[in-house]
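Per-entry structural report
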Amino acid sequence: MKAVRSMVLVSGDPTSLERGAQEVYHRLQEEVRQSGLSGDISLALVGDLGRSDIAPSVIVYPEAVIYGPVALSNVHYLVDEHLNKGRIAVDLQTPIHNLAGHSAWLSRRKGTLPAEQRIVLERVGKINPEDIQDYILYDGYRALGKAVIEMTPAEVIALIDRSGLKGRGGAGFPTGLKWRFVSRAGGSVKYAICNADESEPGTFKDRLILEGDPHSIIEAITIAGYAIGASEGYIYVRGEYRLAQQRLATAITQAHEMGFLGKNIFGTQFSFEIRVHSGAGAYICGEETALIESIEGKRGEPRSRPPYPTTHGLWGKPTLVNNVETLANIPAILRNGPDWFQRFGTKTSPGTKVFTILGNVNTTGVIEVPMGITLREVITIYGKGMKNNATFKLAQTGGSSGSVIPASLQDTPMDFDSYLRAGVSLGSGALLICDEDTCVVDLAKALINFFRRESCGKCNPCRIGTLRAYEILSRISEGVGSLKDLDTLQMICENLYQLSNCGLGQTSGTGTRDILTHFRAEVEAHIRLKVCPAGVCSMSGRWTASQANG
Amino acid sequence: MQENQPVEKTTAVVEAALQHHGTNRDELIPILNEINQQIGYLPAASLEKVSQALRIPKSQLFSSATFYRMLSITPRGRHVIQFCESAPCHVEGGRQVWHTILDELGILPGETSKDGRWTLETTSCLGICGVGPVLLVDEDIYGNVRPEQVAEILARYA
Ligand SMILES: Cc1cc2nc3c(=O)[nH]c(=O)nc-3n(C[C@H](O)[C@H](O)[C@H](O)COP(=O)(O)O)c2cc1C
Ligand code: SF4
Ligand code: FES
C-alpha cells in the first residue's frame, strides 16, 4: 500500500448513492486536491459501510472515525478539520457503539454484550475493493499460499470438512463433503463455480461481499479449484449486479499481475483461471443446474437430477457450485483453522450468518451474527424494535422460498437444525419483519406472484400450480373467494411440493402453506365476512382473470 | 421507438461484442447482454450474425434470447421503467406506488406507450430492498419512493 497518511472511505451502497454519496465523493476529491493533500490521502467510494442509518457515511482511517450522514455542505468542514488540522470533526461524528445495521459477533453465552467480530464481512467497508494491496494488507492471499505450498488438496478438503462449514446458498449442504465428491469424481477436467446469482427477494448479502471484498471470492475459488483438481473457475453474477461484475474483473486482473492467478501460482505446479459470467435476469439461474445450462448459453431450465453436478456438471464434467457467502468463509478457515471457526455459532451449524433485516423495523440493514441467534434478538437489538412500537406479527425468512414465522417461534434459535426441527426454513438469510398492518392474504399473493413470474415453465405442477394459486389468492383478496378455494389452495401447495422438478416449484407454496396453518382465521375472514382485518385488501369484488396476467 | 435500427449500427455493435467475448458457446448470454444494452433490444439482424459467428442454430438462439428478462427481441420505449413487485418492497408501501404508476402512464405492464416514450415492466427483487419500494428508470435507481413522488420522477425523462 502507498504510504498515505489517511484513508477515507465513502459508503457507496444504493441507499447512500440515493442520498448523494457520489457527489460527496467528488466534492471530497476536489477539497482534498485544493488543500494540496492529494498525495497523502487515499480516497475511495466503497460498498456498504454497514451504516445505512446514517447514509451516506464516511470513515477515516487509521483513526476509524465514522461520520454521517455527510452532506455536500459538510465536506469542506470535514476535510479542513480532520484531514488538514488532524482533529476529529466532532459535529459530524457518529458514536461507534451504535450497533444498528452493523455486523457484529455475539458470544455464544446468552446475556453478554456483543463483541464485534466479522468473518465474511470482515473487510467490507474497511478496504478499497479496487486495490489488491489493501486486501493483501488484511491477510489477503495468505490462505491461498498456505494451501498450495504447504498442503495437499486432500488436506485442504479435510480441513474444510472439520470446520463443519455448511453451504449458505440455501440448502445447508456440508461444504467439505461436496468438495470431496467433486475431487473423487473421475476425469481430468473439472470446474469450480461461484454462484453469485443472488436474486432471492430481500437478499443482498452476496452483493455486499462482491462489491466490498471481491478478492476474497477470487482467493476462495482458487483454493477450491486447487482442492478439487480444477484449473478453471467461473463466477456467475446476476445480470443486474454491474458494479460487482466490474469489481470482480478488476480483481482478476490485479490477481493475475501479482501471480495469484494464472500459471504456476506461488511458483507451484498449480494453474488456475477465473471468468466472470453475467446472468441476464432470471431467478431460476440461481439453481445450480439451471446456472450451468445458462453458462452453456441455453435457457436456464434446471436439469433432472441425478446425476448431480458433482459428477456431471458444466459441459458434462464434475463441477463444484458454491455460494458467495460460503466461499467467503474459506480463506479465514484456512488461516485460522477449523477449531477457531467452530467457536462461533452452534455445534451443528458453526460460523456466522449474514442476515438482511427488512420491513417494519426501525433500522433495516445487514448483520453478521453467529448461527443460533433468535428472531427476537434480531428485532430488538439490530432492528431497534418495531417501527411505531407496533406489534410483531410474523417474519418471512430466507426470501420468497422461506417460511412464514409466527410470533410463537420468535425464540427459536436460528440455525439450520433448530429451524428444520421447527419445520421452518432459514433459507438465504433475508428477514422480512411484518407488523399487524400486514395482511397475510396480500403477503401470500405477493410471495406466490414471484414464483409465478420466475417459474421457468419446464414442468406443469410449477407452471400451472403457481398461476392457479395466484388466481385463488387474488380472488380471496377481492372478497370473491370461497371456502372451497382454500382446499384447492392447500392441495396445490402440496402438489407443488411433491411434484415439482426443482427447488423453485417445491418451495413456492411454503409461504402460503404456513399462512394457512398459522393465520387461517384471518384468511377465512376475507371469505366468510368479506373483510380484510388488516385493512389492506380492497375487497372490491372486481377480480377478473386478466388481472392474473398483470 | 427504436424501430428500424440502421443496419450499420447493428453490425458494429455485434462485431464489438464478438470482439470482447470471443465466439465460444459459453459467451452467448454475455454477447446478447452487451448487444441488448447497446441497442435497447436484439434486432433480428443481430441474432442472425451471432448465430453465424457462434455456429448456433437460430432456433436455439431464439429460445435463449426469449428466456431472460434483461433480453428483448422487440423494440422498447425510450425509457424502460422497472418496478419491483417482490414481497419486501410490497410490504414497505410498493402497492400504492404501483397503482400511481399505472394511473400516470395509462399502460399495462409489458406494454410500450403509443408515443414510444415508456415501456413498463415489473421485476423481481433488485437487491436494493433496504430502501424499498424501489423503482428503476433505465439505469437510475429510485428508493424509498412515495406515491406523490412518481409524477415528478417520470417528468425527468423526456
Ligand atoms: C430456485 C433456486 C434458486 C437458487 N438461487 C440461488 C442463488 O441465487 N444463489 C446461491 O448461491 N444458491 C442458490 N440456490 C441454491 C443452489 O442450487 C445451490 O444449492 C447452491 O449454490 C450451492 O452452494 P452452497 O453449497 O455453497 O450453499 C438456488 C436454488 C434454487 C432451487
Ligand atoms: S419446478 Fe418450476 S422452475 Fe423448477 S423446473 Fe419445474 S417449472 Fe422450472
Ligand atoms: S424486494 Fe424490491 S428490491 Fe428487493
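Calculation notes
Residues numbered from 1 in each chain as written. Chains lettered and ligands numbered in written order. Predicted model: local features only at pLDDT ≥ 70, side-chain atom pairs only at ≥ 80, totals over all residues. Heavy atoms only, no water. Helix = DSSP H or I, 4+ residues; strand = E, 2+ residues; numbered from the N terminus. Phe/Tyr/Trp six-rings, centres within 6.5 Å; stacked < 30°, edge-to-face > 60°. Buried < 20%, exposed > 50% of the residue type's maximum accessible area, 1.4 Å probe, protein only. Lys NZ or Arg CZ within 6 Å of the ring centre and 35° of its normal. Near = heavy atom within 4 Å. Polar contact = N/O pair within 3.5 Å; in protein donor to acceptor, adjacent residues only side chain to side chain. Areas by Shrake-Rupley, 256 points an atom, 1.4 Å probe, with all protein chains shown as cover. Nonpolar A, V, L, I, M, F, W, Y, C, P; charged D, E, K, R; others polar. Domains from an automatic or database assignment. Contact = heavy atoms within 4.5 Å. Buried area = accessible area lost by both parts, 1.4 Å probe. Salt bridge = Lys/Arg side-chain N within 4 Å of Asp/Glu carboxyl O. Patch = residues over 30% accessible without salt bridge, like charges linked within 9 Å, V, L, I, M, F, W, Y side chains within 5 Å. Pairing = 2+ DSSP bridges. Axes fitted to C-alpha atoms, helices over the stretch in contact; angles between N-to-C directions. Core = buried A, V, L, I, M, F, W, Y, C linked by side-chain atoms within 4.5 Å. Parallel < 35°, antiparallel > 145°, perpendicular 65-115°, else oblique.

1. A look at the environment of glutamate 23 of chain A
Within the fold, glutamate 23 of chain A resides in helix H2 (residues 21-34). Considered as a pair, glutamate 23 of chain A and alanine 89 of chain A are 66 residues apart in the sequence and their alpha carbons are 20 Å apart.

2. Let's talk about the packing of aromatic side chains
Residue and element names in this part refer to chain A. All chains considered together, the criterion is met by 14 aromatic pairs over all chains. Ring geometry for tyrosine 226 against phenylalanine 270: centres 5.2 Å apart, planes inclined by 70°, an arrangement best described as edge-to-face. Taken as a pair, tyrosine 226 in helix H9 (residues 214-228) and phenylalanine 270 in the loop between helix H10 (242-258) and strand S7 (273-278) lie far apart in primary sequence, 44 residues in all. By relative accessible area, which is 10% here, phenylalanine 270 ends up buried. Note on phenylalanine 260 and phenylalanine 266: the rings are 5.5 Å apart at their centroids and 35° apart in plane angle, and the pair reads as tilted. Take phenylalanine 266: its relative accessible area is 32%, and that puts it in the partly exposed class. Put simply, the rings of Tyr135, Tyr141, Phe260 and Phe266 pair up and form one aromatic cluster. Lysine 353 extends its terminal NZ or CZ atom over the ring of phenylalanine 355, reaching a point 5.9 Å from the ring centre. Over the aromatic face of tyrosine 470 sits the side chain of arginine 452, whose NZ or CZ is 4.6 Å from the ring centroid.

3. A closer look at the site of ligand 1
Residues and elements named next belong to chain A. Residues in close proximity to ligand 1 total 18 residues, the closest being Gly169, Lys178, Asn322, Asn323 and Thr326. For ligand 1, an oxygen atom lies 2.9 Å from a polar atom in the side chain of asparagine 322. Here threonine 326 contributes a side-chain N or O atom positioned 2.7 Å from an oxygen atom of ligand 1. For ligand 1, whose free accessible area comes to 610 Å², the fraction covered by protein is 88%. Contributions of two or more residues to the shell around ligand 1 are made by strand S8 (319-323) and helix H19 (503-508). The element contributing the most residues to the shell around ligand 1 is S8, with three residues. Considering only residue class, the shell around ligand 1 consists of three nonpolar, nine polar and six charged.

4. Some remarks on the domain arrangement of chain A
Residues and elements named next belong to chain A. When its domains are assigned, chain A resolves into domain 1 (6-100), domain 2 (132-340), domain 3 (350-435) and domain 4 (440-549). For domain 2 and domain 4, the distance between their C-alpha centroids amounts to 37 Å. Each partner contributes to the interface: domain 2 provides ten residues, whereas domain 4 provides seven residues. Interface area lost by domain 2 to domain 4 is led by Tyr283, Ile284 and Pro302, which between them contribute 55%. Along the contact surface separating domain 2 from domain 4 lie zero salt bridges. Here domain 2 and domain 4 share two residue pairs in polar contact (both at pLDDT 80 or more) between them. Taken together, the residues of the side of domain 2 that touches domain 4 sort by class into five nonpolar, three polar and two charged.

5. Section: the side chain of asparagine 323 of chain A
Residues and elements named next belong to chain A. In this fold, asparagine 323 is placed in strand S8. On the accessibility criterion, asparagine 323 (11% relative accessible area) is buried. Within the structure, asparagine 323 has its side chain in polar contact with the backbone nitrogen of glutamate 325 (distance 2.8 Å). Apart from residues no more than four positions distant in its own chain, asparagine 323 is found in contact with Arg168, Gly169, Asn195, Lys205 and Asp206.

6. Some thoughts on the site of ligand 2
Contacts to ligand 2 come from 13 residues, most closely from Cys456, Lys458, Cys459, Cys462 and Cys502 of chain A. By residue class, the composition of the shell around ligand 2 is seven nonpolar, five polar and one charged.

7. Points about the interface of chain B and chain A
For interface size, the figure often reported is the accessible area lost on association. Contacts between the two partners involve 41 residues from chain B, matched on the other side by 51 residues from chain A. On the surface where chain B and chain A come into contact, there are six salt bridges. Glutamate 85 of chain B is the partner of arginine 453 of chain A in a salt bridge, and the nearest nitrogen-oxygen pair spans 2.8 Å. Connecting chain B to chain A are 26 residue pairs in polar contact (both at pLDDT 80 or more). When residues of the side of chain B that touches chain A are traced back to their parent elements, those giving at least two are helix H2 (28-39), helix H4 (58-65), helix H5 (87-105), strand S2 (118-123) and strand S4 (140-142) of chain B. Counting residues per element, the side of chain B that touches chain A draws most heavily on H5 of chain B, at six residues.

8. Considering a nonpolar patch on the surface
Together, Phe173, Leu177 and Phe181 of chain A give the surface a local cluster of nonpolar side chains, amounting to about 250 Å² of exposed area. On the secondary structure map, leucine 177 of chain A appears in helix H7 (residues 175-184).

9. A short note on the sheet that holds strand S13 (residues 430-435) of chain A
Residues and elements named next belong to chain A. Strands sit in the order S10-S9-S13-S11-S12 across an open sheet of five strands; the sheet is mixed. Edge strands, defined here as strands with exactly one partner in the open sheet, are strand S10 (365-370) and strand S12 (404-406). This sheet shows a mean twist of 30° between the axes of neighbouring strands, independent of strand direction. Here five bridges tie strand S11 (residues 392-397) to S13, and the two strands are oriented antiparallel to one another. Looking at the pairing, alanine 395 lines up with isoleucine 433 of S13.

10. As for the nonpolar core
Residues and elements named next belong to chain A. Ranked by size, the top nonpolar core spans 143 residues in total, and within it Trp179, Ile217, Ile218 and Ile235 carry the most contacts. Excluding residues that lie within four positions of it along the chain, tryptophan 179 makes contacts with Val156, Ile157, Ile160, Ala224, Ala227, Ile228, Leu320, Asn322 and Ile330. Residues Ile357, Val361, Ile379 and Phe392 belong to the second largest nonpolar core, which totals 23 residues.

11. Comments concerning the packing of H9 of chain A against helix H12 (residues 324-336) of chain A
Residues and elements named next belong to chain A. In the contact formed by H9 and H12, the axes pass within 8 Å of each other and the chain directions differ by 80°. For the element pair H9 / H12, the angle class is roughly perpendicular. Within the contact between the two elements, H9 uses Ser216, Ile217, Glu219, Ala220, Ile221 and Ile223 and H12 uses Val324, Leu327, Ala328, Ile330, Pro331 and Leu334. Residue classes in the contact of H9 with H12 are distributed as ten nonpolar, one polar and one charged.

12. What about the domain arrangement of chain B?
Per the domain assignment, the segments making up chain B are domain 1 (7-67) and domain 2 (79-155). When each unit is reduced to the centre of its C-alpha atoms, the spacing between domain 1 of chain B and domain 2 of chain B is 29 Å.

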